[in-house]
Amino acid sequence: VTNPPRYGLLHARVIPEYGGDTIWVNLELAYQQLSPVMRQMLEGLVVHHDVDEIFHRSVERTLGPEKAALVRRELGAGADHPLVIRHPLTGEKLLYVAGYWMKHVRDMTEDESRTLLDFLMRHVTQPGLQVRWRWRANDVAIWDERATLHRALGDHYPQHRLMRRCTVDDPAHPPAV
């Protein structure tokens with residue numbers, strides 16, 4: 001997606017007895033905790049983001065073939081995003097990482113790119129940068145998609161977890177370099 005969403009929302013519908021928490025990472029703090037040398041190196045780097053066929057098949061199973069075709073068309077061939085952005089409202093610099101969506105750093109070798117992206121993902125998954133939410137039925141969470149990274153923990157199987165998700169686009173405020 002060329003212009004990422006502004007906000008994300010989750011509504012907890014069915015919650016397992018244990019597990020299924022969600023973790024959010026503070027990407028502003030993640031950037032601030034890097035050394036000045038690393039921050040300088042990351043400035044100006046661009047990462048290609050894309051999804052794979054497994055993602056598209058999952059969307060088709062969940063939403064059906066017609067809606068999956070719309071998602072496939074919308075996502076197209078991925079998008080390039082700066083690795084460091086300024087938040088459009090606060091002006092603070094953020095480490096703009098997106099987990100498995102990040103495929104490679106432009107203008108780097110495959111080994112260099114993978115090494116850097118792996119390092120950054122290890123960095124942002126430190127517990128000190130995270131908040132962990134234990135869901136209760138009907139909880140609602142709203143977060144800034146530009147300033148956080150989130151993921152659901154898959155530690156609740158074989159129990160069922162059902163969430164309703166909504167994202168709010170903001171075409172007027174694309175990420176600023």
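Residues numbered from 1 in each chain as written. Predicted model: local features only at pLDDT ≥ 70, side-chain atom pairs only at ≥ 80, totals over all residues. Heavy atoms only, no water.

(A) Main features of the sheet that holds strand β4 (residues 79–82). The 3 strands are arranged β4-β3-β7 in an open sheet whose pairing can be described as antiparallel. Bordering the open sheet on either side are β4 and β7 (102–105), each of which pairs with just one other strand. Going across the sheet, the axis of each strand differs from the next one's by a mean of 35°, ignoring polarity. When strand β3 (residues 46–49) meets β4, the two strands line up antiparallel, connected through 4 bridges. Each residue of the ladder has a partner; that of H49, found in β4, is A79. Lying over the sheet, helix α5 (residues 110–124) contacts β3 and β7, oriented at roughly 125° with respect to β7. (Pairing = 2+ DSSP bridges. Helix = DSSP H or I, 4+ residues; strand = E, 2+ residues; numbered from the N terminus. Axes fitted to C-alpha atoms, helices over the stretch in contact; angles between N-to-C directions. Contact = heavy atoms within 4.5 Å.)

(B) Quick peek at the packing of aromatic side chains. Scanning the entire structure with this criterion turns up 4 aromatic pairs. Seen in terms of ring centroids, F55 and W101 are 5.5 Å apart; in terms of plane orientation they differ by 65°. Their pairing is edge-to-face. Taken together, the residues span a long stretch of sequence, with F55 in helix α3 (residues 53–63) and W101 in the loop between β6 (93–95) and β7 at a distance of 46 residues. Judged by its relative accessible area of 27%, W101 falls in the partly exposed class. An aromatic cluster is defined as three or more aromatic residues linked by ring pairs; in this entry it consists of W24, W133, W135 and W143. (Phe/Tyr/Trp six-rings, centres within 6.5 Å; stacked < 30°, edge-to-face > 60°. Buried < 20%, exposed > 50% of the residue type's maximum accessible area, 1.4 Å probe, protein only.)

(C) Here's a closer look at the layout of surface pockets. Approximately 2000 Å³ is the volume attributed to the largest pocket. The wall of the largest pocket is formed by 47 residues, among which F55, Y100, W101, H150 and R165 lie closest to the centre. Those elements that provide at least two residues to the lining of the largest pocket are β2 (22–26), α3, α4 (65–75), β10 (148–152) and β11 (162–168). Examining the composition of the lining of the largest pocket, we find that 6 residues originate from one element, α3, more than from any other. Residues belonging to the lining of the largest pocket are distributed by class as follows: 25 nonpolar, 12 polar and 10 charged. (1 Å grid on protein atoms, 1.4 Å probe; cavity = no way out; pocket = protein on both sides within 12 Å on 5 of 7 lines; lining within 4 Å. Points joined across faces, edges and corners; volume = space filled by probe spheres on them. Nonpolar A, V, L, I, M, F, W, Y, C, P; charged D, E, K, R; others polar.)

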